[in-house]
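Coordinates in review
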Amino acid sequence: MLRALTRAAAQHAALLPAAAGGMGGAAAEALASTAAAAAACGGRAAWLRLPAARRAFSAAADESTESITVTFKDEKDGTEKTVKAPMGKTILEIAHENDVELEGACEGSLACSTCHVIVEDQEYYDKLPEPDDDENDMLDLAFGLTDTSRLGCQVKCHRYMDGIVLRIPSASNNQQ
């Protein structure tokens, strides 16, 4: 078993220099050092160092992440909060990371409607992907449903959403 793992590590170590060539910065350095250590130890070091390489790659990706501006308007207390939102994250994740009161009782598993938001501008709503049947089923349970309602856990931030304004209804309907 140990020999098989060592052989597999050596095979993966041979691929690391090629992968590092297409990257820049910390990620390339981490992969290059992993490949060098793997070669020196017959592949065994690759198993020990690969997580560090992945962390470096992840950190390098985070530094270059583009963001958009999202404004949340809370109907309960009339507050308005504008935040920077990294692309690819859901509206629910952005709200939680920025202390915006958007419940999300099912933690984004599409089993409730407590992350219901209303897109204020029809033009922004029209740019979003269509809600699927499961989202529509949950939206039917949402408090204050409108033609531009969406579940925050199902909408991921994209460049075309920059400047979007989302209204958070004054109540939620949790029938989880």
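Here, every reference points to the structure presented above.
These numbers were taken from a predicted model, which means no experiment stands behind them. In this convention, every chain numbers its residues from 1, walking through the sequence in written order. The model is predicted, so local features are restricted to residues of pLDDT at least 70 and side-chain atom pairs to those at 80 or more, both for listing and for counting; the totals for chains, interfaces and linings are taken over all residues. To obtain the side-chain values, all non-hydrogen atoms of the structure were used and water was disregarded.

Once that is clear, we can look at the overall build of the protein chain. A run of H or I in DSSP counts as a helix once it spans at least four residues, and a run of E counts as a strand once it spans at least two, with each numbered from the N terminus. Helix and strand content of the protein chain: six helices and five strands. The order of helices and strands in the protein chain, counted from the N terminus, is α-α-α-β-β-α-β-α-α-β-β. Summarising the internal contacts of the protein chain: among those between residues at least 6 apart in sequence, 60% fall at separations of at least 24. Calculation of accessible area relied on Shrake-Rupley with a 1.4 Å probe; when residues are assessed, cover is drawn exclusively from the protein chains displayed. Total accessible area on the protein chain stands at roughly 10,100 Å², and carbon and sulfur atoms take up 51% of it. Contacts were defined at the residue level, with two residues in contact if any of their heavy atoms lie within 4.5 Å.

In a soluble, globular protein the nonpolar side chains are often hidden away together inside. As used here, the term nonpolar core means buried Ala, Val, Leu, Ile, Met, Phe, Trp, Tyr and Cys residues forming a set that is joined through side-chain atoms within 4.5 Å. Working definition: with a 1.4 Å probe on protein chains only, accessible area under 20% of the residue-type maximum means buried, over 50% means exposed, and in between means partly exposed. Core analysis: the largest hydrophobic core is formed by 28 residues, its most contacted members being Val70, Phe72, Ile91, Leu102 and Leu166. For this core, the elements supplying multiple residues, two or more each, are β1 (67–74), β2 (80–86), α4 (91–97), β3 (116–119), α5 (122–127), α6 (133–139) and β5 (164–168). It is α4 that contributes the most residues to this core, four residues altogether. Residues contacting Ile91, with those up to four places away along its chain left out, are Phe72, Leu102, Gly152, Val155, Cys157, Met161 and Leu166.

Looking now at the side chain of Asp74. As for its placement among the helices and strands, Asp74 is situated in strand β1. For the buried Asp74, no salt bridge is present, and the opposite-charge side chain at shortest range is Lys76, 4.4 Å distant. Charged residues are defined here as Lys and Arg on the positive side and Asp and Glu on the negative side; His and the ends of the chain fall outside this count. What makes a salt bridge here is a side-chain nitrogen of Lys or Arg within 4 Å of a carboxyl oxygen of Asp or Glu, nothing more.

In the Ramachandran plot, Asp99 falls in the positive-phi region, its phi being about 55 degrees despite a non-glycine side chain. On the accessibility criterion, Asp99 (65% relative accessible area) is exposed.

Now for the sheet that holds β2. Pairing within the open sheet is mixed, and its five strands lie in the order β2-β1-β5-β3-β4. Both outer strands of the open sheet, β2 and β4 (149–151), are each paired with one neighbouring strand and no more. The average undirected angle you get between the axes of adjacent strands in this sheet is 35 degrees. At least two DSSP bridges between two strands are needed for those strands to be called paired. In this structure, β1 lies alongside β5, joined through five bridges in parallel fashion. Axis definition: a line fitted to C-alpha atoms, limited for helices to the stretch in contact. Angles are taken between N-to-C directions and run from 0 to 180 degrees.

Turning our eyes to something else, we now look at the pattern of salt bridges. Counted by the stated rule, this structure contains six salt bridges. For Arg159, the salt bridge is made with Glu66, and the minimal N-O distance between the two is 2.7 Å. With a gap of 93 residues between them, Arg159 in the loop between β4 and β5 and Glu66 in the loop between α3 (44–63) and β1 connect regions that are remote in the sequence. Note that Glu97 is salt-bridged to Lys89, the shortest N-O span being 2.5 Å. Given the relative accessible area of 47%, Glu97 is considered partly exposed. Because the salt bridges share partners, they merge into one network encompassing Lys73, Glu75, Glu120 and Arg167.

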